[in-house]
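# Remarks on the overall topology
Here are the chains, one letter per residue:
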Amino acid sequence: MTRSLLLSNVRLADGQPVSVSIADGRIAALGAQVEAQPGGLVEDGGGALLLPGFVEGHTHIDKTNWGQSWYRNEVGPALTDRISNEREWRKTSGHDAATQSLALALARAFVQAGTTRLRTHVDIDTDARLRYLDGVFSTRQTLSDVLDMQIVAFPQSGMLIRPGTVELLGSALAAGADVLGALDPALIDGDPVASLNATFELAERYHKPIDIHLHEPGEVGAFTLKLLLDRVEAMGMQAQVVVSHAFCLGALPERERDALLERIAHLRVALLTSAPPSRPVPPLKLCRDKGITIFGGNDGIRDTWSPYGVPDMLERAMLIGMRYDLRRDDDIAIAFDCVSNAAAQGCGFSDYGLHVGARADLVLVDAQSVAQAVVSRPKRRLVLANGRIVARNGELVDAV
Ligand SMILES: [Zn+2]
């Protein structure tokens, strides 16, 4: 039993003043009349806005260069240029997945900025084998009290085109990866039917959900997506598949797109977008209107793929708002939903949210509204993870 904590004098998004009682890492009570437990701690929230801990729905913490000297990017423009450049760089640079994933997850980064749940894709290939995965396992273990981390075993260099990768993915899942990743079955593996079959067979064998990177554009992407949906249906994997990026859904004729969206909704496949400014993106509000869970993530942060990115989900929410031209307060709240409730739902993080019984993952910010929090991205006044105060006034507390 840990001491109970009363977080008093905070406001919900609708302006309602409340206090939150926390016991054993959970929200025990939330409301206007909640009192402190005898002997419990009290923390005055100063009238700040109360938000649920943020959810990073898609990143790559094993490959970040965060906190290191500047990586000079002279990489070619094709996806395959970036893949082979990175593989070579990681082999020769001394880059360490354990140190780097911890740096990005913790210090001056995700946890400090209010992220309490995170899904990260970790490269599995025939050069590195499970080395990066072991590094991220170590970070997950170190931060298990404060960061709920899902690990996706991700064949970044392709699966069928690199014999031995399927077996390594199986070993990764057996070793504790939570989700099976995949990558462009047509344009990287060159055989979408065989590639998707191998992916779904692996998922079935290890009883794991799937999160596939699908960058394939237009009609190629639509073709792959149809094959994928066929397999979700045939294998009964409803609500267990995420399609990350799904650029094709931003560039198809309306009728074809809407037919795909209907099937995606029906099969409860979720979509992830990083809302990139330079690529077509799935239609956010239309997806939501059709009942599809669509959520947000940073994708890579400061790595050999891209020099951009900050491990702050309020910033990602702002970029989502800008990409989708969200201006009204209620629309910007949708952008925030993409990095909170929708992401928790899409990734399958349980016990999430601002309700009794949920894990006490809470963020306080000085903002009048969710929209203002997204736009101004104020320093986090307080971050609680699992019921513990982990950051105060934008700095990690010593105990973390
Ligand atoms: Zn990615």
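Notes on the structure in this doc start here. Remember, predicted model here, so these are calculated numbers, not experimental data. (Residues numbered from 1 in each chain as written. Predicted model: local features only at pLDDT ≥ 70, side-chain atom pairs only at ≥ 80, totals over all residues. Heavy atoms only, no water.)

## Some thoughts on the pattern of salt bridges
Tallied over the entire structure, the rule returns 29 salt bridges. In this structure, the salt-bridge partner of D331 is K285, at a minimum N-O distance of 3.0 Å. On the criterion of sequence distance, the pair formed by D331 in helix α10 (residues 329–338) and K285 in helix α8 (residues 284–289) is long-range, its members being 46 residues apart. Its relative accessible area of 11% is what places D331 among the buried residues. Looking at K285, the relative accessible area reads 38%, which means it is partly exposed. Among the ionic contacts, a cluster of salt bridges with common partners joins D62, K63, E86, R90 and D123. (Salt bridge = Lys/Arg side-chain N within 4 Å of Asp/Glu carboxyl O. Helix = DSSP H or I, 4+ residues; strand = E, 2+ residues; numbered from the N terminus. Buried < 20%, exposed > 50% of the residue type's maximum accessible area, 1.4 Å probe, protein only.)

## Describing the sheet that holds strand β3 (residues 26–31)
What links the strands of a sheet is backbone hydrogen bonding, and the strands pair in either a parallel or an antiparallel sense. Ordered in space as β3-β2-β1-β4-β13-β14-β15-β16, the eight strands form an open sheet in which the pairing is mixed. Looking at the sheet topology across the chains shown, the edges are occupied by β3 and β16 (395–396). Pairing analysis gives six bridges linking strand β1 (residues 5–11) to strand β4 (residues 41–52), with the strands arranged parallel. Bridge pairing in β4 links S8 to D44. (Pairing = 2+ DSSP bridges.)

## Section: unusual backbone geometry
Despite not being glycine, H207 shows a phi value in the positive range, around 55 degrees. Along the polypeptide, H207 turns up in the loop between α5 (192–206) and β9 (210–214). Looking at H207, the relative accessible area reads 70%, which means it is exposed.

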